[in-house]
Amino acid sequence: MTERSTRAPIFRVADTHVVQRLERASEQFGDHPLVAELEWLAHQYQRLEARLDKNKVLQEQAISDPLTGLMNRNGLLDRLNAECARLIREHTAFGLLMLDLDHFKAINDAFGHHAGDQVLIAVAATLRQHMRPYDVFARWGGEEFLLLVPAVERPALEELARRLLDAVRQVSVSGAPEVSEVRVSIGLYYCDQPESPADSVRKADIALYRAKEAGRDQVVTFD
Ligand code: GH3
Ligand code: MG
Ligand code: MG
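Cut-off values and rules
- All residue numbers refer to positions counted from 1 along the written sequence of the respective chain.
- Chain labels run from A onward and ligand labels from 1 onward, assigned in the order the entries are written.
- Local features are withheld for residues below a pLDDT of 70 in this predicted model, meaning they are given only at 70 or higher, and side-chain atom pairs are given and counted only at 80 or more; totals for whole chains, interfaces and linings count all residues.
- Each side-chain value is worked out from all heavy atoms of the structure, with water and hydrogens disregarded.
- Numbering of helices and strands runs from the N terminus; a helix is a DSSP stretch of H or I covering at least four residues, while a strand is a stretch of E covering at least two.
- Accessible area is worked out with a 1.4 Å probe on protein chains only. A residue is then buried under 20% of its type maximum, exposed over 50%, and partly exposed in between.
- Residue contacts follow a heavy-atom distance rule, with two residues in contact if any of their heavy atoms lie within 4.5 Å.
- Using the Shrake-Rupley algorithm and a 1.4 Å probe, accessible areas are obtained, with residue cover drawn only from the displayed protein chains.
- Under the counting rule used here, the positive set is Lys and Arg, the negative set is Asp and Glu, and His together with the chain ends is not counted.
- We put the charge of a Lys on NZ, of an Arg on CZ, of an Asp on CG and of a Glu on CD.
- We count a salt bridge whenever a side-chain nitrogen from Lys or Arg sits within 4 Å of a carboxyl oxygen from Asp or Glu.
- Any residue with a heavy atom positioned within 4 Å of a molecule or strand is treated as near that molecule or strand.
- We define a polar contact as two N or O atoms separated by no more than 3.5 Å, with the added condition that, inside protein, one atom must be a possible hydrogen donor and the other a possible acceptor, whereas residues neighbouring each other in sequence contribute only through side-chain atom pairs.
- Throughout this entry, Asp, Glu, Lys and Arg are counted as charged residues, while Ala, Val, Leu, Ile, Met, Phe, Trp, Tyr, Cys and Pro are counted as nonpolar. The remaining residues, Gly among them, count as polar.
- In this entry, domain limits derive from an automatic or database-based domain assignment.
- Axis lines are fitted to C-alpha atoms, over the contacting stretch for helices. Their N-to-C directions set the angle, which ranges from 0 to 180 degrees.
- Here is the rule for angles: anything less than 35 degrees is roughly parallel, anything more than 145 is roughly antiparallel, 65 through 115 is roughly perpendicular, and the remaining ranges are oblique.
- Atoms are scored as donors when they are N, O or S and lie within 2.8 Å of the metal, with 3.2 Å used for Na, K and Ca; no water is included, so coordination may look incomplete.
- To define a nonpolar core, start from buried Ala, Val, Leu, Ile, Met, Phe, Trp, Tyr and Cys residues and group those joined through side-chain atoms within 4.5 Å.

## Regarding the overall build of the protein chain
If you tally the helices and strands in the protein chain, you get eight helices and five strands. Starting at the N terminus, the α and β elements of the protein chain follow one another as α-α-α-α-β-α-α-β-β-α-β-α-β. Each principal axis of the C-alpha distribution contributes one length, and for the protein chain these read about 85 × 45 × 25 Å. Scored against the burial criterion, the 223 residues of the protein chain give a buried share of 40%. Across the protein chain, contacts joining residues at least 24 apart in sequence account for 64% of those joining residues at least 6 apart. Just so you have it, the protein chain exposes about 13,100 Å², and 51% of that area is on carbon and sulfur atoms. Looking at charge distribution, the protein chain has the averaged site of its 27 positive side-chain charges lying 3 Å from that of its 34 negative ones.

## Examining the pattern of salt bridges
Under the counting rule described, the total for this entry stands at 15 salt bridges. Arg132 is paired through a salt bridge with Asp135; the nearest N and O atoms lie 2.9 Å apart. When its relative accessible area of 9% is taken as the criterion, Asp135 is described as buried. In this structure, a network of salt bridges that share partners links the residues Glu83, Arg86, Arg89 and Glu90.

## Structural notes on the site of ligand 1
In the vicinity of ligand 1 there are 16 residues, among which His103, Phe104, Asp117, Arg139 and Arg216 approach most closely. Phe104 has a polar backbone atom sitting 2.8 Å from an oxygen atom of ligand 1. One nitrogen or oxygen atom from the side chain of Lys212 is found 2.9 Å from an oxygen atom belonging to ligand 1. Look at ligand 1: alone it shows 660 Å² of surface, and the protein chains cover 67% of it. Here the element with the most residues in the shell around ligand 1 is helix H6 (residues 113-128); it accounts for four residues. Of the residues in the shell around ligand 1, the class split is three nonpolar, five polar and eight charged.

## A closer look at the domain arrangement of the protein chain
What the domain assignment reports for the protein chain is domain 1 (16-62) and domain 2 (73-221). Just the C-alpha atoms count here: the centres of domain 1 and domain 2 sit 45 Å apart.

## Topic: the packing of helix H5 (residues 104-111) against H6
Contact pair H5 / H6: the axes reach a minimum separation of 6 Å and the direction vectors enclose 135°. One way to sum up the angle between H5 and H6 is to call them oblique. Of H6, the residues touching H5 (which contributes Phe104, Ile107, Asn108 and Phe111) are His113, Ala115, Gly116, Val119 and Leu120. Taken together, the residues of the contact of H5 with H6 sort by class into six nonpolar, three polar and no charged.

## Some remarks on the side chain of Thr92
Position of Thr92 among the secondary structure elements: in the loop between helix H4 (73-90) and strand E1 (94-101). With relative accessibility at 18%, the residue Thr92 sits in the buried group. Those residues in contact with Thr92, other than ones at most four positions away along the chain, are Glu83, Arg86 and Leu87.

## Quick notes on the coordination of the magnesium ion (ligand 2)
At this site the magnesium ion (ligand 2) is bound by Asp100 (OD) and Glu143 (OE), with donor distances of 2.2 to 2.4 Å. Classification of Asp100 as buried rests on a relative accessible area of 10%.

## Observations regarding the nonpolar core
Within the largest apolar cluster, 36 residues are counted, with the highest numbers of intra-cluster contacts made by Leu97, Val119, Val123, Leu127, Leu164 and Val182. Among residues more than four places away in sequence, those in contact with Leu127 are Leu99, Phe137, Leu164, Ala167 and Val168. Met71, Leu148, Ala204 and Leu208 belong to the second-largest nonpolar core, a separate cluster that totals 20 residues.

## Quick word on the environment of Trp140
In this fold, Trp140 is placed in strand E2 (residues 136-141). With a relative accessible area of 9%, Trp140 lands in the buried category. The sequence separation of Trp140 and Asp100 amounts to 40 residues, and the corresponding C-alpha distance is 9.4 Å. With residues near it in sequence (within four places) discarded, Trp140 still touches Arg73, Leu76, Leu77, Met98, Phe145, Leu146 and Val201.

What follows is the structure in C-alpha cells.
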C-alpha cells in the first residue's frame, strides 16, 4: 500500500468535523512539516465558524423586537417583499391584518408604562397561538402589530381576524393583573393583484383607521 493511499481515508471520513479530521491527521503525522500548516488551518476554520455564529445572532437581533420576541418591522418588510414577488410569479394571494390596541395610552396613564409593556407581551403571546407556522407576525411599532398571512383565501382571513379580535378581548395579563380590559381594532386587506408592499400596507392601515373611526374593537376590511 502506498503512503498516499494510507493517508487519504482520514480526509474522507464522512460526518466528521473538519477540525477533528485535521487534529487526527496531526496526531498521526506529528513530525511531518505540514502538520503546523494543518493546525493553523484548523485554527482559522474555527475562527471563521465563530464569526459566522456571531453574524447569525446579529442578523436575528436586527429583525426581532426585544420586548415581545416577535419579528420587527424590518423583518416583516423583507417577508412582505418576497410575498409580493411570489404573487406576481405564482398568482398567489396573501392577507394583511393591521392591529392596533385601543386606547392604549389610557392603560399606560392609569397603570403605568410597565403595565403597558406587560399588556404588549401578553397580547403578542396570545395572538401567536393563533398563527400557522408560515404566518408572519410582527410588532410593527408601539402598540401596533402587523400579520402577513400567505396562501390564504378571503373567508379564512376574515375568520382569522375575528378570532384574533376575540382572543384579545379575553387576554389575561399575568404581569399586570390590574389591567382588566384590552381591546384591539383590526384593518384587513386581502391582496390578490400585483402591487408594491408599501401600497398593500397602506391599504391595511386605511382599513384600520376606519375601524377606529367606526368605534374600535372591530375588524374593517379594505375594499
Ligand atoms: P387608539 O385607540 O386611537 O389607538 O388610541 P391609543 O391610546 O392606543 O393611541 P395613541 O397613539 O394615542 O397612543 C399610543 C400609546 O402607546 C402612546 C405610547 O406611549 C404607547 N406606547 C408605544 N410604545 C409603547 C411601549 O413599548 N410600551 C408602552 N408601555 N407604551 C407604549
Ligand atoms: Mg397606534
Ligand atoms: Mg392604539
